[in-house]
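# Structural description and commentary
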Amino acid sequence: MLAALIPVPVSVSPLRRVPQLLVGLWLYGASTALQLRAGLGLEPWGVLHEGLTELTGFSFGLVTGLVGALVLLCWIPLRQRPGVGTVANVVVIGVAVDVTLAFLPGPTALLPRVLFLVAGIVLNGLAAATYIGARLGPGPRDGLTTGFCARTGTSVRLVRTVVEVVVLSAGWLLGGTIGVGTVLYAAAIGPLTQAFLPLVTWAGSRPAS
């Protein structure tokens, strides 16, 4: 399955893959907005974005895009090359978060908040599988992890864990929300994404050179 996720140039089946990429990224932003409205805790990068939103007064979506762009700059010393999906990730997710928040009221009762949280996490897993499955390049944060692993020989598990802990700690110190949603997301997002990937991954291959 991992081999089937190797990025393929955008010139291959663009009418099939580009719309899938954009839909996946938009749903990812919408799922983040659901988790925000639940107010029960966010995933590590979401905690950082929320903390920076509190610090700067910028919208959550704008902060998401700015952080993505800054992370993308870190690719330069790691000699990582962004794809169409990488650039789209920086732009589309941030816009989707802000648009969804503008139309999605936040519930106050516990049950609707729990439903928002669960729906947001499940949708996030589907969204991640959808844009990853388009095979148009990793997001800035994923590329940071894989690039560091490639340059240092460190395991993905260790690098991802260190990055997530640092990001989560920084976000919490800035005022981001950590709660049951943070734990539930950490436990569920991997299995959810893995379960959805076979259903949405583009099954074509790189053309022979």
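Going by the structure above, here's the rest.
Along each chain, residues carry numbers from 1 onward, in the same order as the chain's sequence is written. Totals for whole chains, interfaces and linings use every residue, but because this is a predicted model, local features are given only for residues with pLDDT of at least 70 and side-chain atom pairs only at 80 or more, for both listing and counting. Only heavy atoms go into the side-chain values, all of them from the structure, while hydrogens and water stay out.

### Describing the overall build of the protein chain
Rule in force here: A helix here means a DSSP run of H or I that spans at least four residues, while a strand means a run of E at least two residues long, and both kinds are numbered starting from the N terminus. The quantity called the radius of gyration is restricted to C-alpha atoms. Its globule counterpart is 2.2 Å times the number of residues to the power 0.38.
Counting secondary structure elements, the protein chain contains nine helices and zero strands. Each helix and strand of the protein chain, placed in order from N terminus to C terminus, yields the pattern α-α-α-α-α-α-α-α-α. Relative to its length of 209 residues, the protein chain is compact, with a C-alpha radius of gyration of 17 Å against a globular reference of 17 Å. Projecting the C-alpha coordinates of the protein chain onto the three principal axes gives extents of approximately 55 × 35 × 30 Å.

### Section: the side chain of Arg 17
How we decide: Type-normalised accessible area, obtained with a 1.4 Å probe on protein chains alone, sets the label of each residue: buried when under 20%, exposed when over 50%, and partly exposed for intermediate values. In this tally, Lys and Arg are treated as positive and Asp and Glu as negative; His is ignored, and so are the chain termini. A pairing counts as a salt bridge when a side-chain nitrogen of Lys or Arg comes within 4 Å of a carboxyl oxygen of Asp or Glu. By the convention used here, residues are in contact when the closest approach between their heavy atoms is within 4.5 Å.
Structurally, the position occupied by Arg 17 is in helix H1 (residues 14-38). Although Arg 17 is buried, it forms no salt bridge, and the closest oppositely charged side chain is Asp 142 at an N-O distance of 15 Å. Once you skip the residues sitting within four places of it in the chain, Arg 17 turns out to touch Val 8, Pro 9, Val 10, Val 12, Ala 134, Arg 135, Leu 136 and Trp 202.

### Looking at the side chain of Thr 100
Residue position: Thr 100 is located in helix H5 (residues 84-103). Not counting the four nearest positions on each side in its chain, Thr 100 is found in contact with Ala 30 and Ala 33.

### A word on the environment of Leu 25
Note on placement: Leu 25 falls in helix H1. The class of Leu 25 is buried, set by a relative accessible area of 0%. Distance from Leu 25 to Ala 96, taken between C-alpha atoms, is 8.0 Å for residues 71 residues apart in sequence.

### Let's talk about helix H3 (residues 60-73)
To keep things clear, this is the line we draw: What a helix should span is 1.5 Å times the count of its residues minus one.
Between its terminal C-alpha atoms H3 stretches 20 Å, which fits the 20 Å expected from 14 residues at 1.5 Å a residue. Turning to H3, the residues buried within the fold contact H1, helix H2 (44-56), helix H4 (75-78), H5 and helix H7 (140-152).

### Details of the packing of aromatic side chains
This is how it is decided: The aromatic pairing rule takes the rings of Phe, Tyr and Trp, using the six-membered ring of Trp, and pairs them if the centres are within 6.5 Å, calling planes under 30 degrees apart stacked, those over 60 edge-to-face and the rest tilted. Only when the NZ atom of a Lys or the CZ atom of an Arg is both within 6 Å of the ring centre and within 35 degrees of the ring normal do we say a charge sits over the ring.
Enumeration according to the criterion identifies one aromatic pair in this entry. When the ring of Tyr 28 is compared with that of Tyr 131, the centres are 5.9 Å apart and the planes differ by 75 degrees; the resulting orientation is edge-to-face. One end of the pair, Tyr 28, is in helix H1; the other, Tyr 131, is in helix H6 (residues 110-133), with 103 residues separating them in the sequence. Like Tyr 131, Tyr 28 is buried. Just above the ring of Trp 202 sits the side chain of Arg 17; from NZ or CZ to the centre is 4.7 Å. Above the face of the Trp 45 ring, Arg 141 is positioned so that its terminal group lies 5.1 Å from the ring centre.

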